[in-house]
Each structure stands twice: as C-alpha cells, then as structure tokens.
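Observations on the three-dimensional arrangement
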Amino acid sequence: MKKVKIKTKQPKVIVMSGYGLNCEEETKFAFEWAGGAADIVHLNDLIANPKLLEQYDILAFPGGFAYGDDTGSGKAYANKFKNHLQKELGEFLKKDTLIIGICNGFQIATNLGILPGGLAWNKKGRYIDCWVDLKVQGKSPWLTGIKKLSVPIAHGEGKYTITATDYKRMQKNGEIAFVYTKGEICEFQNLEKNPNGSDYDIAGVLAYNGRVLGLMPHPERAMFPEQSPLWYLNKKGLKEGAGLQIFKNAIKYFR
Amino acid sequence: MLSRIYVKPKGKATIMSSYLISHQLGKDKILKIANALTNQTIEEFSINKFPEVSGFSYAIEVGFLPGVTDNAAHSTKETITDLLHLKENAKLSVYTSKIFLTNKKNSAQVKEFAATLYNPLIERVYLASKQELKIKKDFPRKELKVILKKSEPVIIVPLSNANETALSLIGKEGISEKDGTRRGPLALDLNSMKVIQNHFNKLNREPTDIELEALAQTWSEHCKHTIFANPIDNIADGLYRTYIKGATNLIRKNKGKNDFCVSVFSDNSGGIVFDENYLITHKVETHNSPSALDPFGGAITGIVGVNRDTVGFGLGAKPVANVYGFCFGYPEDKAKYFRDPALTQPMLPPARIIDGVVKGINVGGNCSGIPTLSGFVKFDDRYRGKPLVFAGTVGLIPRKSAGRMSHLKAAGKGDYIVMLGGRVGLDGIHGATFSSVALDSKSPAAAVQIGDPITQKKLSDAIVKEARDRKLYRSITDNGAGGLSCSVAEMAKESGGAEVDLEKVPLKYPGLRPWEIWISESQERMTLSVPREKWKEFEKLMRSRSVEATIIGQFTDSGSCVVKYGGKKIMDIDMEFLHNGLPTEHLRTTQTYVKNTEPKIELASYEKALENLLARKNISGFAFISEQYDHEVQASSVLKPLAGPGRINTDAQVFRPVLSSLKGAVLTSSTYPSYGDISTYHMAAAAIDTAIRNAVAAGGSLSHLAILDNFCWCSSNDPVRLGQLVDAVKACYDYAVSYDTPFISGKDSMFNDFKGYDEKGAPVAISIPPTLLISAIGVMSDLRKTISPEFKRVGDSIYILGDTNDEMGGGELYRMAGFVGENVPKVDARKNLKTYKVLEQTIKKELLASSISLTSGGLAIALAKASLGGMLGADISLKNLPGRAQTTLAKLFSESQGRVVVSVNPKDVRTFEKIIKDIPHAKLGKVSKNDILTISDNKQVVKTAIKKLHNIYHKFSNSMQ
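As a starting point, this report considers the structure included with it. (Residues numbered from 1 in each chain as written. Chains lettered and ligands numbered in written order. Predicted model: local features only at pLDDT ≥ 70, side-chain atom pairs only at ≥ 80, totals over all residues.)

**Some points on the interface of chain A and chain B**
For clarity, the threshold we go by: The contact criterion used is a C-beta to C-beta distance within 7 Å, with each C-beta placed from the backbone. Per the convention used, a helix needs a DSSP run of H or I reaching at least four residues, while a strand needs a run of E reaching at least two, with both numbered from the N terminus. Any residue outside Ala, Val, Leu, Ile, Met, Phe, Trp, Tyr, Cys, Pro, Asp, Glu, Lys and Arg is labelled polar, Gly included; the first ten of those are nonpolar and the last four are charged.
With 45 residues of chain A at the interface, the matching set in chain B holds 41 residues. Only helix H2 (24-33), helix H3 (43-48), helix H4 (75-94), strand S5 (118-120), strand S6 (128-136), strand S7 (148-155) and helix H7 (184-189) of chain A provide two or more residues apiece to the side of chain A that touches chain B. Of the residues assigned to the side of chain A that touches chain B, the class counts are 16 nonpolar, 18 polar and eleven charged.

This is the structure:
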C-alpha cells in the first residue's frame, strides 16, 4: 500500500517570485506539464512563513531581473534570502530534494553560495537573446537521458567565471552540467557557440550530488516545439520541445 | 557620516561601481554592507579608498545629478535596510556612480572621452588623475541632496485685469514667479486663456497657480488631442469622431455578432476578444521630445509608461508583449546643432540618440519581463531634430475577474483615492505641455525622467496577479502625462468629483510646492479607487510586495475637483469646466499639392542596384537591436523578430499569450513617411495595407484583425500640414472600412519640430516628415499554422500574388537615386482584399512553405530577403509578372502594395494553383540548390551570391555591435 502511495505522489514545486523575478509563470507551467504541482510563492511570503519550504520537494529560482540587476545580478535577492532563510535553505538541502536556478535564478544560486562560481558581464558587454546548443557533461537527476539540448539564452551577465582549481575539482566530480557546443542551432543560424564568453564554455553547473542545478539557458523557453527556430523546417510530429525533459526528470525523481 | 564603497571586478578592470552612503552606522556595519555588495568569487571591494589598480591615467566618475532617479541606489538602500534590520525611516541615503578607467594621457582627450559617457542634463562627471587619487586616496565624498529654494507654496495669479499680451505670455512661457522668472510653458493659447479669465471672473476670484497649471495639463494637446477633436474645414465633428471612431463604429455595426471589439478608445488601451476567456489589448505611444534630450531616459520612460497603459486597462491587464519603432537621423550625420543662440545647449547627434534609445527600450523591456517582439527602424535626415520613439504594449486580461466584467471600472463615491508605486519629485514637470510645443531652448530640462522598471514590475505584479482578482479596488488608471492632475481628474468623472489632500502625497525630497506635486510626472505610479472596507487588506498586500500605497483623498460626487494643502482649499474647479471648458477652435486647411515629376533612372547594373538597396539602413537588418531585446520571456515566442538561418528581420511576429492554448496573436506595423512627400492619403493607405498584409502573410486572419494609429506630425498650426493630416485621416477611414479592420486605439504627437541654431549661430528649423504608424493585432485560431518569410527547401516553387505596377514614387530606389517621383503606390483595396482572402486560405490549408510581404524595395528586395533568410538560392523570371509594370526597373523595385511572394512544396503545387487561379499571380521560379539568386527578364538581370547578400544585409547591424 505504502509503495503505491509514493509512486502516485505528485511532487510539489515551489517557484520563487518577487522583486523583479519574471519567469515564474512559465516555470510553473513547465513543472505542471511535466506532472508536478507547482506554487508560485513571493519571497516575502516565504520569509513570513519559513516553515512553508518544508512542504516542497523541488525549489525553483526562475529567471528574471530581481532588483533590476542593481549591485550585480542575483546579489540583492540572494542577500535577502540568506538574511532570512539561511537555516531553512540548509534544512531543505539536507533532505532528498532538488533545486534549480535558471538564468537570474542561477545568478541568485551562486550568490547564495549553493553553487560554485559567479556570473559576470557578457564578453560583449551587452544583453543578448539567442539560441545555443548544450552538451551534457555531469551527472544529475535533472539530466537523466539528456545528451544534448538546444535552448535559448537571454541575459546580460551570463559569463560563467571560475578559477582553474575549482574547475578541475568540478570536472572530476562531474559537476559541470552543460557546456556550450557547436550543434544543430549554431550550424543552422551560424551562431557563436559560447556567445557570452563563459570560462571553459560552461553553461550550467551542479552541486550537492547533482541535486542542485544552475544554468544560464532557459529550458522552459524550449518546452513547446514552436519555440525552436528549427520548427519551421519540420512542423509536423513533435508534441513537446526538448527543454521539457529537464522538468520531467525532476518530477520522475520523486516517483 | 559619508562612506564610499568601491566594488570592482577581480583582476584587470576598466569600470567599477561606487556606492556613496550617508549613514549613522559603525565601521563593522559598513564592512558588512561592503561584503553584501560584493560577489567574492568575481569581485572585490574597498572602503573609503580608491582600489589598487594599475594601467590607467584618469578615472572618470559618472553619477546622477541630485534628484534624478537612481535605481541602483534604491536597490542598495533596500538591501542595507534588510541586511541590518534598519527601520524604514532610518537615516540612510545612497548615491551610486560608475567609475571608468582610461589610458588617455592629456586632459583634453579625457574630457572628450568623458563627454561620450554622460548626459549633462541628468548626470554629473568628475575627472580624477592617477596623481590626484594617489594623494587624496578617494573621490571627493559629497552628499547630493536636492535642496529646493524656499518659496511660497501657493500664489494667486492675477488674471482678471490682464490684457491680451499678458495672457498670451502666461500661456506661452508660464506663470511668473515672485522674482519675475517664468515657470515654463502652459501651452495655452490666447483663446483658452480668455476662457479661463472669464470663468474666474464669473466666480469673482483669481485662480491659484495650481488651478491654472491643472487646467493647462488637462487641456493640453497631449491630453485632449485638440487637433483631432476640433472642427476642421467642413468636418464639424472633427477628424477623430468623423473618421477614426467613425470607421470603427461602422465596422462594428457591419460585423454584427462577429464584432470582436470590447473596449475601444475609452480606456488606456484598446481591448478586443482573444477567446471565450480572455481579452487582448494593445496601445502604442510615442515619447519623442524627451528622447531628443535624454535618449535613454526618454525611451525607457516611453516603454514602462505604455506598460502602465496596459496595467491601467479595465481592472488591470497583464503586459504580454512590447513593440517599438524608431525614426532616426542617420548615425553618420555629425552636424552640430544647438537649442539656443548662444550655442551653449547642444543637441545630441543621431549616433548618441540611437545608442541611448536602443538601450532605453532594452532596459525597460528586459527588466520588466515582457518580451519585446515587434519593431522597426527608419532613417531620414528630417528626424535629425526630433527622433520618433514609438513604444507599445499588448496586454492580456481575463474577461471576468471575481465576477466582474474586467473591462469595466468605476470609482465610487467615498472610495479612497490611492496613489501606488513611486514617489513624487520634480521630474517630468510640464511633460504634457512640453510635448505639445516645438523643441527649443525654453524646453524644460526637468521634463526629462528616468523610468524604474523594477518598482513598476512590483506594482504591476501586485495588481494584475493578486489585487485585481481579490476585488480590492474598483478603478485604476495610470499616472502618465499630467501626473495626478490628470489621473485623479479622469477617475473623478466616474464618481462625479474628488477631494485630495496634497500633503499626504509621499515625496522623494522635501520642498515641492503643491502645484508641482499635482502635475509632476514622476514615474511608476498608478491611481486607484479603493473601497474603504478593502483598504486594510489592500494596504497589507501592497506592503508585503514592497509597493508603497498611500491614501491621498477620496472620490466624491460634489461635481468639483478639490485640492487641499495644509488644511486650506487651494483648488476648486468645476468638473464640467475642467473637462469640457476648453474652447473649440475651427481649424482651416490649405491644400497644396506639389506636382513632382517621374525621374528617368538609368542603371548601370540592376544587380548593383539591388545590392546597394539592400545595404540601405531603411531596408537592411537590425539584428543588433532584436537580439539585445528579450523576445523569449514568458515562453510565448512563435514567429520571432529574426527568422531562418539567415536571421532576417520578420515583418510580423506571432506569440502564444496563453500558454495552455494554441491560439496565437500576431503583431505587425507599417509606416511609409517618404510616400507623404507625394501624397499623405496614399501614404496612409499603404501603411494600412502593409500592416494588414504582413499579418495575413504570417498566418493572421482578416476576420480577427484590428489596427491602431499613431500620427506624428509637424508644425500642426500650419494649414498646409493640416491639409496633409486631413488627407491621411480620410485614407484611414476609407481603408479601415474597406478591409473591415477597426481602429481600437490611437495617439497623436503633433509638433515634432526643432527650432535652433547651427554651429555658426544661424537659425535652423527641422521638421519631421508627417509620419503615420499603423500597427495591427490579430488573433490566430491555430498558431501552428504560422508561416515564416524565408525560403525553406530546394525545389519549392516560388509565386507572386498581386499586381506590380510602375509605382516607385517615394520608394527606396528613387530615394537612393536622390528623387521623390510622382507615381506613389496606390492601394486598390477591393482587389487586395481578394488576394488576402486567398492567401489566408492557402495558409489555412497548410500549402505554403514560406510567405513574405512586399514592402520597401519591392520584389527584388523581397526575393533577396527570402533567399538570404533561408540561405538558399532562387532562379526567378519576371516574364509573366501580373500588372502594368513595363520596365525591368519597375518590375524589380516598384513598391506596389497588395503583393506577397510565397514558396510552395512541389506536392502542394496543384492544390495551390487551383486556389489562386482567380487572383493576379505568376509562378516566378524555384528555390535552387546553388547558393545564387538569379533574376531574368528576357535576359538575365541579376546574378548574385546568397552569401554576399547575407553580408550586405547584416553589414549595418554588424557595424553597430
């Protein structure tokens, strides 16, 4: 009886919002499409009721422009989070949970100190929205069955920066989630493989045995087939975009 | 105490941040703050000491002038307050600046470089040599408080005995201060001033300054659109009621039960049906005058301002897409112009304006999490004096919210008047009246503002994602032009009056006078009508979302708009007079048709002409703009701003406003200012035809398509310009009705003129060409049927639909050759409508591989774009081209409207040809496997490599990277 119950349990996702985060609705949509039950929770509501976090299996920091990137992307939101929820975050991480930080959420996660490295200004010093190809390197529940992935980026501060020592350690531990690579989309639109100039072509990283994933590209912006620039060449067939798999993996982890 | 924290990237740096903090905190606290402001992995800090850096000769500090919105300072203050658990009223001020390091050796070079880094209207600069920093260890620490001169809060303006000269002067240059200086334009003409004089004479009293200022705001051209409202020639009801609203009314009647308009012209945006659950709204604004003075501030304020027109639609719509349009002078134009005869107020050159405007929309749109989908850029020397900056926002709103029809709202008697969002400062004083006059040396610099997208995002989310559906307010409107004076007066119409206590309005800094608080256009504010019993819940919600909400008065049914300050009544204007007292003026026009002649153009090579045309900035790509605007946020993109392997700019964009639905929304826009040099009637017709065609070509449906008008005119007191206006407006009526596409919203900006001086002090006047932007918004029943413009597969057949006539007048080829010409494209709506219906059918049946609308540069340019967009060649023959074009030149470059080029998979050719047999069409050729575009007209006239075309198309954009 008990086993069956666990199998049919709908994993609960908390998607953070507030202060200029702005991808919470589509991130919630992606998790729910993948089979989860997602709630959007404002940072101040979580601060007012920190126990709330215990109810969730997955914590998502979505993309956005928290505090307008003032004082550096992700910094101010992470400061506020740490200032009030440090203990709860620690407890959440101790359990068998998952965390994802996408774009601004990744910047927040590095500033929270739950992921290594930092995100600096793009090498051209300008915000950029384009598609990229990713190659999966590390091991993580988030990445099960994914070898490569084409998704869009949209950011000003997305140049992943890491010291050589840390890089070596991460590589050894399988903590490089994705690297930018010259794949299908780059070939198609003749695009640069690493448009923001990230160190070692790193697009996403892992920590806590792969349970915490941070990435600059937006998988939720590749959840519908029509979002891909390649869709126009072959409109028939696909029911979902490649990006959805990341959300499905997370849900599957709890089933 | 003042402390400065520097934060610099680790290692080599050319730019760093400075936070100057005025505080009463201990050293340990400052250290804690510095740590919080630094991401230790990539940055390092230094307190009260310029960081150790090498390899520079000068450091240039750029910060804001006192009182100018400093967004980073707001965020920093919030961080510090939260970090140290300070009280909200703790003594704490933050001033941020950027410090640029340069290697330039002599101070003249450094000064020149610094001038490119800041705008003296809003920013300050401090240059420090390495030597100076070595000695002083730090940039000077000086607080940048706004200190306003003490002055009488309210003055009585003696009008009763004023003669015409005095009245005119007040109208033109503003109310006289005690010291004799004038406050800046009220933009009220003598006639209006006399009506005001009369009104107060009847009341047996003199007006206060705030009363006069309030009337000027409400009656401004910007708010009342007098030129469109007044009778003109024999059009007694005026242009707007007769032709724009007139067209919509007729179309709605004709559509009967298929009418999709829900809320048009009555609200901040126009709203139409999206599906059974949602409405979709659209509004396009202009922000021209502010963008000329401060391009970044002007543009960002433009985009976040029009976002509020969405949040202010009905009970509050969620912004789901941004659009933009820029008309600039050429970036290579380096001529120097000044606003004043003493040559002390320089105008910014086009290159600076372009840079700032593009960035303004970037920050405004990206920070707000609204995809910026649709846009265009046009260049003409005549936009050198005033650029045009169009900014628009599409919104989504459930048709019902908590049981209420969401497009209806009404402030109730006794409801609190609540100001929500930002605080009030001197920014934007006289914005509404300023945009109603020409730009010159008297243009108020305080009219410039900087938007704060995050403050607004917090407000917008709290309203449209929470408060609306909890029924916490009854009415809402935006604080835009005219600030509180306009928003409160507008909402007071719903209840029948208002009473405001201005002392309650939260201010950015002390010392503002009541009239300034009342008309200030400080950004990020909305005015709401909150029922008393909902206030507690509303206030609590807003506090928890970090949004400031303040009761500033109550709505009444007294029939008056009353304002108090310090317990004293300082304004009491009858609502009827305030809204309807403005005298009408009967406008007269003069028709002066300039007869142009058709030039004789002899081309050495058609191929070269095509390539040169493709390189023109009005035709070539602008990927550098499209790709710095987030167009994928909200996960809604379907047809993006850039399409195909060759990344051509699309003429239509399609997106998915409701993620769980397959219904799409299509957006397009069109403007042909150069056609107006021949005929503004045909200019307007072509803009409407193109906006509609672009939408249908991408998969839009004629039966669910609405349009918007934005008139940007010049010298609108000149009867000739007014004559051109009447022509254009008549075309709007004729073609909207012919295509059954209602206008749902519109805006005008009538004085886009610059009056100043050249480098030698000689007077210069530059007026924009009359410009009409038509935007279209449509609903697609299945977004999977969207068609993109680029060729897809080798072997696909290429067809043209529609007639090609000899119509190059006002077109890009003639412009390139230095001519205007006479044969401007004329729109045959009946014929085109047939074509578009057939086109729609072929898309519905999924017979097309690609579809591109023919616009500037004609057939040759469309073929080049479709080819380089798909990075595929094409073999084209012009032999059977339908229409009256005789010469190869006209066949290639005529800009005849109503035409589309499509490509069809061989397996669909038979079905396709059957459907198109009754409309003008020709099979032009095939998509070829060699990467070459060839065009023949009996003999080969063009043969050029796709790679070459690709390079040419992207050359301008690449140069702007």
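**Details of the nonpolar core**
Residue and element names in this part refer to chain B. Using the following cut-off: Core membership is restricted to buried Ala, Val, Leu, Ile, Met, Phe, Trp, Tyr and Cys residues, and these are joined into a nonpolar core through C-beta atoms within 7 Å. Exposure is read from a count of other C-beta atoms within 10 Å of each residue's own; the residue is exposed at 12 or fewer, buried at 20 or more and partly exposed in between. C-beta atoms are placed from the backbone.
In terms of nonpolar packing, the biggest core is built from 331 residues, with Ala684, Ile688, Cys732, Ala736, Leu863 and Val901 touching the most fellow members. Per-element accounting of this core gives the leading share, 13 residues, to helix H22 (residues 680-698). The residues contacting Cys732, other than those within four sequence positions of it, are Tyr243, Ile244, Ala247, Ala684, Ile688 and Asp709. Ranked by size, the runner-up nonpolar core spans 24 residues in total, among them Ile5, Tyr19, Leu20 and Phe45.

**Looking at unusual backbone geometry**
Look at Asp69(A): it is not a glycine, yet its phi comes out positive at around 65°. Judged by the 27 C-beta atoms lying within 10 Å of it, Asp69(A) is buried. The phi torsion at Ala635(B) lies on the positive side, around 55°, for a residue other than glycine. Taking the C-beta count within 10 Å as the criterion, Ala635(B) has 26 such neighbours and is therefore assigned buried.

**Considering the pairing of strand S11 (residues 212-215) of chain A**
Residue and element names in this part refer to chain A. The following threshold applies: DSSP calls a pair of strands paired once it identifies at least 2 bridges connecting them.
Where burial is concerned, the two faces of S11 agree: the one with Val212 and Gly214 and the one with Leu213 and Leu215 are both buried. One ladder, built from four bridges, connects strand S4 (residues 98-102) with S11; its direction is parallel. Bridged to Gly101 within S11 is Gly214. Alignment of strand S10 (residues 202-207) against S11, held across four bridges, turns out to be antiparallel. When the bridges of S11 are listed, Gly204 appears paired with Leu215. Turn length for the S10-S11 hairpin, with the two strands adjacent in sequence and antiparallel, is four residues, and the turn residue Tyr208 shows positive phi of about 50°.

**Brief notes about the packing of H4(A) against helix H5 (residues 104-112) of chain A**
Geometry of a packed helix pair, given as the angle between the helix axes and the separation of the axes. Residues and elements named next belong to chain A. Put simply, the test is: A fitted line through C-alpha atoms represents every axis, and for helices the fit uses only the stretch in contact; the resulting angles, taken between N-to-C directions, go from 0 to 180 degrees. An angle below 35 degrees is treated as roughly parallel, one above 145 as roughly antiparallel, one from 65 to 115 as roughly perpendicular, and anything else as oblique. Handedness of a helix crossing follows the sense of rotation of the near helix relative to the far helix, less than a right angle counterclockwise being left-handed and clockwise being right-handed.
Here H4 crosses H5 at 50°, and the two axes come no closer than 8 Å. By the angle between their directions, the pair H4 and H5 is classed as oblique. The hand of the H4/H5 crossing is right-handed. Residue-level contacts link Lys75, Tyr77, Ala78, Phe81 and Lys82 of H4 to Ile108, Asn111 and Leu112 of H5. Tallied by class, residues from the contact of H4 with H5 come to five nonpolar, one polar and two charged.

**As for the sheet that holds S11(A)**
Residues and elements named next belong to chain A. Pairing is mixed across the open sheet formed by nine strands, whose spatial order is S2-S1-S3-S4-S11-S10-S9-S6-S7. Looking at the sheet topology across the chains shown, the edges are occupied by strand S2 (37-42) and S7. Neighbour to neighbour, the strand axes of the sheet diverge by 25° on average, direction disregarded. Pairing analysis gives eight bridges linking S6 to S7, with the strands arranged antiparallel. For Leu134, the partnering residue across the bridge sits in S7 and is Leu149.

Scope: geometric values only; no functional claims are made or implied.
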